[in-house]
Amino acid sequence: MRYLTFACLLLAFAACSDKSAADKPLLDEAAKYHNEAIEVQEQVEPLVDQVDSVRTLLVKKATPEAKSTAQSLDSLKTAFEAWEENLVEVPGMKHEHHEHSSGKHHHHNHNNDAKDMSADQMRDLQREFLTNIKAIQTQTQQGMDRAKSLL
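These figures come from a predicted structure and were not determined experimentally. Within every chain, residues take consecutive numbers counted from 1 along the sequence as written. With the structure being a predicted model, the display of local features is reserved for residues of pLDDT at least 70 and the display and counting of side-chain atom pairs for 80 or more, all residues being used for whole-chain, interface and lining totals. Only hydrogens and water are set aside when side-chain values are computed; all heavy atoms of the structure are taken into account.

## Side note on the overall build of the protein
Link 1 in the chain: Each helix and strand counted, the protein has four helices and zero strands in total.
Link 2 in the chain: Numbering of helices and strands runs from the N terminus, with a helix taken as a DSSP run of H or I at least four residues long and a strand as a DSSP run of E at least two residues long. Going from N to C terminus, the protein has its helices and strands arranged as α-α-α-α.
Link 3 in the chain: Whether two residues are in contact is decided by their heavy atoms: any pair within 4.5 Å suffices. Considering only residue pairs separated by 6 or more positions, the protein has 78% of its internal contacts joining residues 24 or more positions apart.
Link 4 in the chain: Accessibility throughout is a Shrake-Rupley quantity obtained with a 1.4 Å probe, and a residue counts as covered only by protein chains that appear here. When the accessible surface of the protein is totalled, it reaches about 9,700 Å², and 55% of it is carbon and sulfur.

## Section: the nonpolar core
Where a protein is soluble and globular, its nonpolar side chains tend to be buried together.
Link 1 in the chain: Core analysis: the largest hydrophobic core is formed by 20 residues, its most contacted members being V44, F80, W83, M122, L130, I133 and I136.
Link 2 in the chain: Of all the secondary structure elements, the ones that give two or more residues to this core are α1 (2-61), α2 (64-86) and α4 (119-150).
Link 3 in the chain: Broken down by element, the residue count for this core peaks at eight residues, all from α1.
Link 4 in the chain: Sequence-distant contacts of L130, that is, excluding residues within four places in its chain, are made with Y33, E36, A37 and V40.
Link 5 in the chain: Within the second largest apolar cluster, 10 residues are counted, among which are L47, V54, A66 and M144. We define a nonpolar core as any set of buried Ala, Val, Leu, Ile, Met, Phe, Trp, Tyr and Cys residues linked to one another through side-chain atoms lying within 4.5 Å. Partly exposed describes any residue whose relative accessible area lies between the buried limit of under 20% and the exposed limit of over 50%, with all areas from a 1.4 Å probe on protein chains only and scaled to the type maximum.

## Describing α2
At 3.6 residues per turn, the α-helix brings residues three or four places apart onto the same side.
Link 1 in the chain: One fewer than the residue count of a helix, multiplied by 1.5 Å, yields its expected span. The terminal C-alpha atoms of α2 lie 33 Å apart, and with 23 residues this matches the ideal 33 Å at 1.5 Å per residue to within 8%.
Link 2 in the chain: Within the span of α2, buried status applies to A66, T69, A70, L73, L76, K77, F80, W83 and E84.

## A look at the environment of T69
Link 1 in the chain: With respect to the secondary-structure elements, T69 resides in helix α2.
Link 2 in the chain: On a C-alpha basis, the gap between T69 and L58 in space is 7.7 Å, while along the polypeptide they are 11 residues apart.
Link 3 in the chain: Residues contacting T69, with those up to four places away along its chain left out, are L58, G143, R146, A147 and L150.
Link 4 in the chain: The term polar contact refers here to a pair of N or O atoms within 3.5 Å; inside protein, the definition further demands a hydrogen-donor-capable atom paired with an acceptor-capable atom, and it admits residues adjacent in sequence only when both atoms are side-chain atoms. Among the polar contacts listed, one links the side chain of T69 to the side chain of R146, at a separation of 3.4 Å.

In short, shape yes, function no, at least from these values alone.
See the structure below:
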């Protein structure tokens, strides 16, 4: 009986180990997307930090285009903050704590639901985070360029 129990435990352990080994390339890819998204975030953050002051200047212009650009920048700031709030880490991956331009650490969501995701779901999620922050980056840069042309 002891041998049967021991054999079952060995088989269960081997099955878990194989799944982890098979998931590693997917989780490595997810970590790559995550780290790239963090790099983009660090580039976007100084622009987002300028939104309030640029918005104040745009509102003083009182033209429809200035008002529209101010609203667009507000929306992008909100989207950036939501993106940042919802960002999740890749479970099991070593994570460096990055700092905001204001000296604060980035806070990643340690949502337990993410731990229940399969490796391919985690990879897809991280790829989507990367796609979203790149879109926010592009739109924020365009909005700031438009604002500068109006000021």
